[in-house]
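# Notes for the structure review
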Amino acid sequence: MSDITAVSPSDLDIDTDIDSGFDITNLPESFKRFLKDNDIDPRIYTVTKLPRFVRWNSHLDQSLLPTLDQLREQLKTQDVWKVQGLDGFFGFNLVKNGPRLFDIPAYKDHSLFGIDLSSAVAVEALCIEQDDHVLDVCCAPGAKLCMIANIIGQKGTGTVTGVDLAPHRLATCQSLLKKYRVGERARLFAADGTQFAIPAPSRLGSVVLGDVKLDEARPAKRRKTQKKAGNINPFWAPRMLRFDDMCPSRLYDKVNELPPFIGTL
């Protein structure tokens, strides 16, 4: 993976941009020990001004994607930068009384979407290729799904399967996939990720994937797999992934199981 320029607490003005209404001395003692053991400055929890991040929706034609200069113009600030090591990834600080992210043309045109840096790094670490079948556990609210779908693209046979315990959170994922039109190779399941046993897709529309054998798709085999996996009906899936043979030999190539809040700054 390429070197990624991230933001650390030392990069932030934690002496001035703090929430004076939050008393860090009231943090639980066990949590204070955790912060000390991991050399984390507790003042990061008082920061009120944090950079935000967006990524290109690379399903769109390159000509429709905003450049750095265009983002600076639309956000009315020069405080916009490319994140080194992540293609099409930008960080920025909003200007007080300036445009909001969802007010700018690039956001309204769905040519970029918001995603935190830790989620993007987790996806980048998977080194996803266009024929990979990726399992995203704890997939809500869906930004990682969009990024994974972007990387898989539309030319290979790769897919992404999102799993989350809460149906209402999966509904948010579904909305994002549809909004950015990146859901043609994504499917969603409402399930406990620790017990999820549904295999990777064996078909992409009429195309049989990988080395799936025809006898694995027999009804008896399918019923046995369904019984073991539990409810196999997806919460949502496009037509190409809605009807699957559930071949037990199909494994995922990559798995992302990093909750989006871990390591976020």
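Residues numbered from 1 in each chain as written. Predicted model: local features only at pLDDT ≥ 70, side-chain atom pairs only at ≥ 80, totals over all residues. Heavy atoms only, no water.

Locating Ser 63 in the fold gives a position in the loop between β1 (52–56) and α2 (68–75). A distance of 2.5 Å separates polar atoms of two side chains, one belonging to Ser 63 and the other to Asp 61. (Helix = DSSP H or I, 4+ residues; strand = E, 2+ residues; numbered from the N terminus. Polar contact = N/O pair within 3.5 Å; in protein donor to acceptor, adjacent residues only side chain to side chain.)

On to the packing of aromatic side chains. Centre-to-centre distance and the angle between the planes together describe a pair of aromatic rings. Under the definition given, this model contains six aromatic pairs. Pairing Phe 31 with Phe 34 gives two aromatic rings, centres 6.1 Å apart and planes at 15°, and the pair type is stacked. Taken together, the residues span about one helical turn, with Phe 31 and Phe 34 both in helix α1 (residues 29–37) at a distance of three residues. The class of Phe 31 is partly exposed, set by a relative accessible area of 28%. Take Phe 34: its relative accessible area is 43%, and that puts it in the partly exposed class. Measuring from ring centre to ring centre gives 5.5 Å for Phe 113 and Tyr 180, while their planes differ by 55°; the resulting arrangement is tilted. Linking Phe 113 in strand β4 (residues 112–114) with Tyr 180 in the loop between α6 (167–179) and β7 (186–190), this pair joins segments that are 67 residues apart in sequence. Here Phe 113 falls in the buried class, since its relative accessible area comes to 2%. The buried category is assigned to Tyr 180, whose relative accessible area is 3%. Aromatic ring contacts, followed pair by pair, group Phe 53, Trp 81 and Phe 89 into a single cluster. (Phe/Tyr/Trp six-rings, centres within 6.5 Å; stacked < 30°, edge-to-face > 60°. Buried < 20%, exposed > 50% of the residue type's maximum accessible area, 1.4 Å probe, protein only.)

With that settled, the discussion passes to the sheet that holds β1. Strand order in the open sheet formed by four strands is β2-β3-β1-β4, and the pairing between neighbours is antiparallel. The sheet terminates laterally at β2 (80–82) and β4, the two strands that pair on one side only. Ignoring strand direction, the axes of neighbouring strands in this sheet form an average angle of 30°. Of the pairings in the sheet, the one linking β1 to β4 comprises three bridges and is antiparallel in character. By the bridge assignment, Val 54 is partnered in β4 with Gly 114. α2 contacts β2, β3 (89–92) and β4 of the sheet and is inclined by roughly 160° relative to β2. (Pairing = 2+ DSSP bridges. Axes fitted to C-alpha atoms, helices over the stretch in contact; angles between N-to-C directions. Contact = heavy atoms within 4.5 Å.)

UniProt marks Asp 164, Asp 192 and Asp 211 with the feature "binding site: S-adenosyl-L-methionine" (unreviewed entry), using the numbering shown here. Relative to the helices and strands, Asp 164 is located in strand β6 (residues 159–164). Classification of Asp 164 as buried rests on a relative accessible area of 7%. The contacts of Asp 164, once residues within four sequence positions are left out, are Cys 138, Cys 139, Ala 140, Arg 169, Leu 170, Phe 189, Ala 190 and Ala 191. One polar contact links the side chain of Asp 164 to the main-chain amide nitrogen of Cys 139, over a distance of 3.4 Å. Within the secondary structure, Asp 192 is located in the loop between β7 and β8 (203–204). Judged by relative accessible area, which is 31%, Asp 192 ranks as partly exposed. (UniProt positions renumbered as here; feature names shortened; annotations may be inferred.)

Regular strands show a simple pattern: their side chains alternate between the two faces of the sheet. For β7, a buried count of four out of five residues is recorded, marking the element as mostly surrounded by other parts of the structure. Judged from the five bridges that link them, β6 and β7 form a sheet pairing that is parallel. Bridging across to β7, Asp 164 finds its partner in Ala 190. Taken together, β6, α6 and β7 form a β-α-β motif whose crossover is right-handed. (Right-handed = clockwise from strand over helix to strand, strands pointing away.)

With that settled, the discussion passes to the pattern of salt bridges. In total, this model carries six salt bridges according to the counting rule given. Note that Glu 29 and Lys 32 form a salt bridge whose closest N and O atoms lie 3.3 Å from each other. Placement of the pair is Glu 29 and Lys 32 together in helix α1, with a separation of three residues, close to one helical turn. With a relative accessible area of 26%, Lys 32 lands in the partly exposed category. The salt bridge involving Lys 144 is made with Asp 136; its shortest N-O contact spans 3.9 Å. Each member of the pair, Lys 144 together with Asp 136, is buried. (Salt bridge = Lys/Arg side-chain N within 4 Å of Asp/Glu carboxyl O.)

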